Amino acid sequence: MLAADALELGGSRLATLREETIALLGKQLPFTWSRGNPIDIIGDAPVSRYQHARQVLLAAPEVDGGLFMHAPSAIVAASEIALSCLPSMQTADKPVLTCWLGGATVAAASQATAQAGVATYGTPERAVAAWLQLVNHARNQHALQQLPHAAVADFIPDRLQVQLLLEQARDEGREWLDSASALALLRAYGIPTVATVRVADAQQAVAAADEMGYPVALKIVSPQIIHKSDVGGVMLGLASADEVRNAAIKMTDQLQQQQPQAALQGFTVQAMAQRKGSHELIVGVTDDAVFGPALLATLQKVSQLACDQSCLAELDINPLLVDEQGVLALNARVRLLRSSATSCGSSRLAICPYPAELEDSICIDGSQLLLRPIRPEDGERLKTFYAAASPSDMRLRLFMSRREVPHSELARYSQIDYDREMAFVALAGQAMVAEVRSACDPDNLQAEFAIQVASQWHGKGLGHVLLSKLIRNLRERGTAEIVGQCLPDNAAMAALARRAGFEVSFDPMKKIMALRLVLRR
């Protein structure tokens, strides 16, 4: 029960045994056994009872793994039990952990278990802690393999508006954008923000509030004041013109008293957000000297903003409201890098962003096709593409017969590292009709490629166009050579490779056709 309690405290639970499993266990267990989980095989158990229980449980579909626990008894020595059970534990297709209780009495069994490569622990709590680590690892791996929805809309930010905002700040010598400009920057990247107007004085603040509608928030604008609330520079829930006017006067007086050197450049008037039940988050970006932009609780569009704007030193959205309606930014701070410290392009990024500049549009056989690098949201398209392929095409592509491609491989194929891999897909509307991909070694000396074209597009030149695009990309990256393989009966692939300039030869040892193209010597 110590293990069961530790498991529950860790947020996991025991498997509920099916009636079929209980019946199978009962065939060799005494009538007095627990008939449930944990399974008590009773203290007089011979070796055969251990073996039977272990075999039944590891075969049960409702069981994800097992914890084998043993305390010394006078019936069978622990070392004998270990020697009989370890072979099947080593070959089990589910995780098996062990816990030998009894100190020196079970030392030989514990040592044999460890030498066999089976995890063993001194207490039930430690064994359960190890199991919970396995569970967390599996959950994290599953999360990494999630396929984004294929209908993610393409988004083009208003880069002209962003350029104007940043140039104005640089021309004025400002390191920090004011609140209105920071929120305008977010809106240019499609991030919804609360309605915000910058005004020069109390009279304009009242006029803006009257037009916006009450209640409103009023905040000071001063390049010397970053945290406005520290000097009483934020007032919320102002419900009338008089309250707005009085708040502006009061904040002006407080600023002069507390920070007389600070220049008051006006106010921002904001609508009060009414989003009951929403959650408040903080989204942050900072420019790290080693890793480049680092993000906290980020959004996709914030990530795009950080990748696009190399002059961005720091960004905070606090708070960001999140509910079933979407997100809404209430306040933002943006700091810019000095021009001399600004690095350019994607070289400053630890992870290479999506290379949109590699997108092309072509016309083949009267149909307009989009050729572009693969994206994570293409996972479902890739699944459909493989599922529609003929058994012959799949055998020629994968060198084996396959009815479907596993989810883990779909995630791996669609979520690539553009710095070391490349995959170009051809889209006819929303349907994927071809793909070509390569993976480079760490030294960029050799790239291995593969290509597949949907059956209805065979013989139309699409394969040659895609392969040529991949070759140009690898040549621009400085890759030394491209290699590939195809089955001897894949005459079309061999012909395509020869047309692209590859050397094609038969490898008698592997019984495959070897393809090689030298790009630089």
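Rules used throughout
Residues numbered from 1 in each chain as written. Predicted model: local features only at pLDDT ≥ 70, side-chain atom pairs only at ≥ 80, totals over all residues. Heavy atoms only, no water. Pairing = 2+ DSSP bridges. Helix = DSSP H or I, 4+ residues; strand = E, 2+ residues; numbered from the N terminus. Axes fitted to C-alpha atoms, helices over the stretch in contact; angles between N-to-C directions. Contact = heavy atoms within 4.5 Å. 1 Å grid on protein atoms, 1.4 Å probe; cavity = no way out; pocket = protein on both sides within 12 Å on 5 of 7 lines; lining within 4 Å. Points joined across faces, edges and corners; volume = space filled by probe spheres on them. Nonpolar A, V, L, I, M, F, W, Y, C, P; charged D, E, K, R; others polar. Buried < 20%, exposed > 50% of the residue type's maximum accessible area, 1.4 Å probe, protein only. Salt bridge = Lys/Arg side-chain N within 4 Å of Asp/Glu carboxyl O. pLDDT = per-residue confidence, 0-100.

Draft legend 1. Geometry of the sheet that holds strand E6 (residues 216-220). Ordered by their spatial adjacency, 4 strands build an open sheet running E5-E8-E6-E7, and the pairing between neighbours is antiparallel. Strands at the two margins of the open sheet, each flanked by one partner only, are strand E5 (196-199) and strand E7 (234-238). Looking at each pair of strands side by side, their axes are set apart by 20° on average, direction ignored. Pairing analysis gives 5 bridges linking E6 to strand E8 (residues 267-271), with the strands arranged antiparallel. Within E8, the position partnered with Ala217 by the bridge is Gln270. Packed on one face of the sheet, helix H8 (residues 179-188) meets E5 and E8 and runs near 50° to E8.

Draft legend 2. Broad picture of the layout of surface pockets. By volume, the second largest pocket amounts to about 1500 Å³. Looking at the second largest pocket, it is lined by 47 residues, and the ones nearest its centre are Asn37, Gly66, Leu67, Phe68 and Met69. Contributing elements (two or more residues each) for the lining of the second largest pocket: helix H1 (2-9), helix H3 (47-59), strand E1 (66-70), strand E2 (96-100) and helix H6 (124-144). The residue makeup of the lining of the second largest pocket, split by class, is 33 nonpolar, 8 polar and 6 charged.

Draft legend 3. Representation of unusual backbone geometry. Put simply, Asn37 and Pro38 share a cis peptide bond, and its omega is 10°. Along the polypeptide, Pro38 turns up in the loop between helix H2 (19-26) and H3. Each neighbour pair has its own omega, and for Tyr214 with Pro215 the value is 0°, a cis peptide bond. Phi is positive for Asn444, which is not a glycine, with a value near 60°. Here Asn444 shows up in the loop between strand E17 (431-440) and strand E18 (446-453). When its relative accessible area of 18% is taken as the criterion, Asn444 is described as buried.

Draft legend 4. Examining the pattern of salt bridges more closely. Scanning the model with the defined rule gives 25 salt bridges in all. Of the charged contacts in the structure, one is a salt bridge between Arg174 and Glu172, with a shortest N-O distance of 2.6 Å. When its relative accessible area of 13% is taken as the criterion, Arg174 is described as buried. Taking relative accessible area as the criterion, Glu172 reaches 47% and is therefore assigned partly exposed. The salt bridge partner of Asp365 is Lys460, with a shortest N-O separation of 3.1 Å. Of the two residues, Asp365 is situated in the loop between strand E14 (360-364) and strand E15 (367-373) and Lys460 in the loop between E18 and helix H15 (462-477); the sequence distance between them amounts to 95 residues.

Draft legend 5. Representation of the confidence of the model for the chain within the structure. Chain-level pLDDT for the chain is 89 on average; 96% of the residues reach the 70-or-more range. Note on residues 340-344: pLDDT under 50 across the span, and 6 contacts to partners over four residues away in sequence or across chains.

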